[in-house]
Amino acid sequence: MSPGKQASQSEAAAPMAAGARLEAMRRRVRISRVAVWTVIAAGPIALAVAVASTPTTVAAAPAAKPAAVRTAASATDPGGYAQVFIGAWLRSDTNDERSAQARLAQSMAPDVELPDPAADAQSAPQSVTAVRSAQRGTGAWSVTVAAQYANGSVRYYAVPVASDSTGSSFTVTGAPGVVAGPARAEVPKSSYGVSVPEGDLSSAVGQFLGAYLTGAGEVDRYLAPGVKLTAVSPAPYSAVAVQEVSAVEEAAAAEQVPADGTTVRVLASVEARDATGRWPLAYELTLKARSGRWEVAALESGTAQDGGAR
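Per chain, residue numbering runs from 1 following the sequence as it is written. Where totals are concerned, whole chains, interfaces and linings use all residues; where local detail is concerned, this predicted model gives features only for residues with pLDDT of at least 70, and gives and counts side-chain atom pairs only at 80 or more. Calculation of side-chain values draws on the structure's entire complement of heavy atoms; hydrogens and water are dropped beforehand.

K.L.:
How should I be thinking about the overall build of the protein chain in this particular structure?
P.N.:
Numbered from the N terminus, helices here are DSSP runs of H or I no shorter than four residues, and strands are runs of E no shorter than two. A tally of helices and strands in the protein chain yields 5 helices and 10 strands. Type-normalised accessible area, obtained with a 1.4 Å probe on protein chains alone, sets the label of each residue: buried when under 20%, exposed when over 50%, and partly exposed for intermediate values. When burial is assessed residue by residue, the protein chain has 29% of its 310 residues classed as buried. The contact definition used throughout considers only heavy atoms, calling two residues in contact when any of these lie within 4.5 Å. Here the analysis covers contacts within the protein chain between residues at least 6 apart in sequence; of these, 49% occur between residues at least 24 apart. Accessible area of the protein chain: about 19,700 Å², with a carbon and sulfur share of 53%. Accessible surface area values rest on a Shrake-Rupley calculation with a 1.4 Å probe, where residue burial reflects the displayed protein chains alone.

K.L.:
I tried to follow the layout of surface pockets on my own but got confused; where do I start?
P.N.:
To locate leftover empty space, one rolls a probe as large as a water molecule over the atoms. What the largest pocket holds in volume is close to 320 Å³. In terms of lining, the largest pocket is formed by 16 residues, of which the most central are Leu-90, Pro-117, Ala-121, Gln-122 and Tyr-149. Every element with two or more residues in the lining of the largest pocket is listed here: helix 3 (79-90) and strand 3 (154-163). Split by residue class, the lining of the largest pocket holds 9 nonpolar, 3 polar and 4 charged. Computed over the protein atoms alone on a 1 Å grid, cavities are sets of points where a 1.4 Å probe fits but cannot get out and pockets are open sets with protein on both sides within 12 Å along at least five of seven lines; a residue lines them when it has an atom within 4 Å of a point. Grid points are joined across faces, edges and corners, and a volume is the space filled by probe spheres set on the points. Three classes are used: nonpolar for Ala, Val, Leu, Ile, Met, Phe, Trp, Tyr, Cys and Pro, charged for Asp, Glu, Lys and Arg, and polar for all others, with Gly counted as polar.

K.L.:
Hey, could you run me through the confidence of the model for the protein chain in this one?
P.N.:
Close inspection of predicted coordinates is inappropriate in any region flagged by low pLDDT. Predictor confidence is given residue by residue as pLDDT, running from a minimum of 0 to a maximum of 100. Residues at a pLDDT of 70 or more form 73% of the protein chain, whose mean pLDDT is 81. Contacts from residues 302-310, a stretch scored under 50 in pLDDT, to residues over four places away or in other chains number 25 contacts.

K.L.:
Please explain helix 4 (residues 100-108) as it appears in this structure.
P.N.:
Because each turn of an α-helix spans 3.6 residues, side chains separated by three or four positions in sequence point in the same direction. All of the buried residues in helix 4 are Ala-102, Ala-105 and Met-108. Down the axis of helix 4, the buried set is contained in an arc of 135 degrees. They therefore lie on one face. Turned more than 90 degrees away from the buried face of helix 4, the exposed residues are Ala-100 and Ser-107. Those residues of helix 4 that are buried are in contact with helix 3 and strand 4 (170-172). The directions considered for the arc run from the helix axis to the C-beta atoms.

K.L.:
What am I meant to see in the pattern of salt bridges here?
P.N.:
When the charged atoms of two side chains with opposite charge come close together, those side chains can pair. Here, a salt bridge means any side-chain nitrogen of Lys or Arg that lies within 4 Å of a carboxyl oxygen of Asp or Glu. For the structure shown, the criterion picks out 5 salt bridges. The closest approach of N and O atoms between Glu-249 and Arg-265, which form a salt bridge, is 2.6 Å. Remark: Arg-265 occurs in strand 8 (residues 263-274) and Glu-249 occurs in the loop between strand 7 (239-247) and strand 8; sequence separation between them is 16 residues. According to the relative accessible area criterion, Arg-265 is buried, its value standing at 18%. Salt-bridge contacts for Arg-278 lead to Glu-271; the nearest nitrogen and oxygen are separated by 3.6 Å. Connected through salt bridges with shared partners, the residues Glu-271, Arg-273 and Arg-278 form a single ionic network.

K.L.:
Quick question: what am I supposed to make of the pairing of strand 8 here?
P.N.:
As defined by bridge partners, strand 7 adjoins strand 8 across 8 bridges and the pair is classed as antiparallel. In the strand pairing of strand 8, Ala-239 is matched with Arg-273. Two strands pair under a simple rule: DSSP has to find at least two bridges between them. As defined by bridge partners, strand 8 adjoins strand 9 (residues 277-290) across 12 bridges and the pair is classed as antiparallel. Residue pairing for strand 9: Arg-273 is matched across the bridge by Arg-278. In textbook terms, the turn of a hairpin is the stretch between consecutive antiparallel strands, and for strand 8 and strand 9 this stretch comprises 2 residues.

K.L.:
Any chance you could explain the environment of Ala-231 here in plain terms?
P.N.:
Along the chain, Ala-231 turns up in the loop between helix 5 (200-214) and strand 7. Overall, Ala-231 belongs to the partly exposed group, its relative accessible area being 28%. Note: C-alpha distance between Ala-231 and Ala-211 (20 residues apart in sequence) is 7.1 Å. If near-sequence neighbours (up to four positions away) are discounted, Ala-231 is found in contact with Ala-211, Tyr-212 and Val-219.

K.L.:
So what exactly am I meant to see when it comes to the nonpolar core here?
P.N.:
A general tendency of soluble globular proteins is for nonpolar side chains to be buried together. Residues Leu-201, Phe-208, Val-266, Leu-287 and Trp-294 are the most contacted members of the largest nonpolar core, which totals 31 residues. Elements with a minimum of two residues in this core: helix 5, strand 7, strand 8, strand 9 and strand 10 (293-300). Top contributing element to this core by residue count: helix 5, with 8 residues. Every residue in contact with Trp-294, bar those within four places of it in the chain, is listed here: Asp-200, Leu-201, Ala-204, Ala-251, Val-257, Pro-258, Thr-262, Val-264, Leu-287, Lys-288 and Ala-289. Membership of the second largest hydrophobic core comes to 23 residues, among which are Ala-105, Ala-109, Leu-114 and Tyr-157. As used in this record, nonpolar core signifies buried Ala, Val, Leu, Ile, Met, Phe, Trp, Tyr and Cys residues forming a set joined through side-chain atoms within 4.5 Å.

K.L.:
I would appreciate a short explanation of the sheet that holds strand 7 in the present structure.
P.N.:
Strand pairing in a sheet is mediated by backbone hydrogen bonds. Such pairs are either parallel or antiparallel. The strand order across the open sheet built from 5 strands is 6-7-8-9-10, with neighbouring strands paired in antiparallel fashion. Taken across any chain shown, the strands that pair with only one partner, and hence form the sheet edges, are strand 6 (194-195) and strand 10. Axis definition: a line fitted to C-alpha atoms, limited for helices to the stretch in contact. Angles are taken between N-to-C directions and run from 0 to 180 degrees. Strands in contact with helix 5 are strand 7, strand 8, strand 9 and strand 10; relative to strand 9, the strand with the most contacts, it is inclined by about 125 degrees.

See below:
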């Protein structure tokens, strides 16, 4: 065969071979698709197996290197741990290391010596409460714990605590130290600067709190539409009297109930009575005007201050 004829046959065969390869690739893609849809119907486990076993027919570009993501574990406050330790440590005695309190204190702080109280020493504290936790560094904390005694005195202890990297394990690393208690913070100016006179608003507040705390009447009748509040049960008091009502909005001081939809936030100081005595209480309420009367729209907790009124 002449060279020219051979070249001509080669050129004709090349497209045929390329077409055959392309058709084979298409068949593999169709088969892969059918297999994937079949296992989707079979369930998620079969799908995972099919994805892992399906042949790749197209070369993909190299995947970009994933960026490193750092997840900072939230620091776990060891206040409760220090509180339990101080409670056990104050109730233990180095002369009785086999007592339950001594064993507990030693298990939480293996290197800390137990106290040696005198025979006529003050009795064990009535209550022990963690009041402040400060993180000193990675895994290092200082917890201030208050111990209150029957005579009303309070003693504060600073307890050094170490935690592991996950914040799931703690150890008291040294003996506690007696410290001064936390200073009293300055109280910010109250948001409730509007004095509310006796009238429809203060009466609505008194009636609602009477039903809420004494069971005198149904709470629902004093609530705005859609509001759900359940009275305290069993009723803790036999009588409730409003002493003072102050508000955030000037509308609360109006002589007449304002237009429907007007909303005011109030702080009610009340006197509650039961068989054991008189109890001064305070409640934050949101009231809304509707059809010439005030209705309770919300019962808040705590006292809102400037910048924090809701």
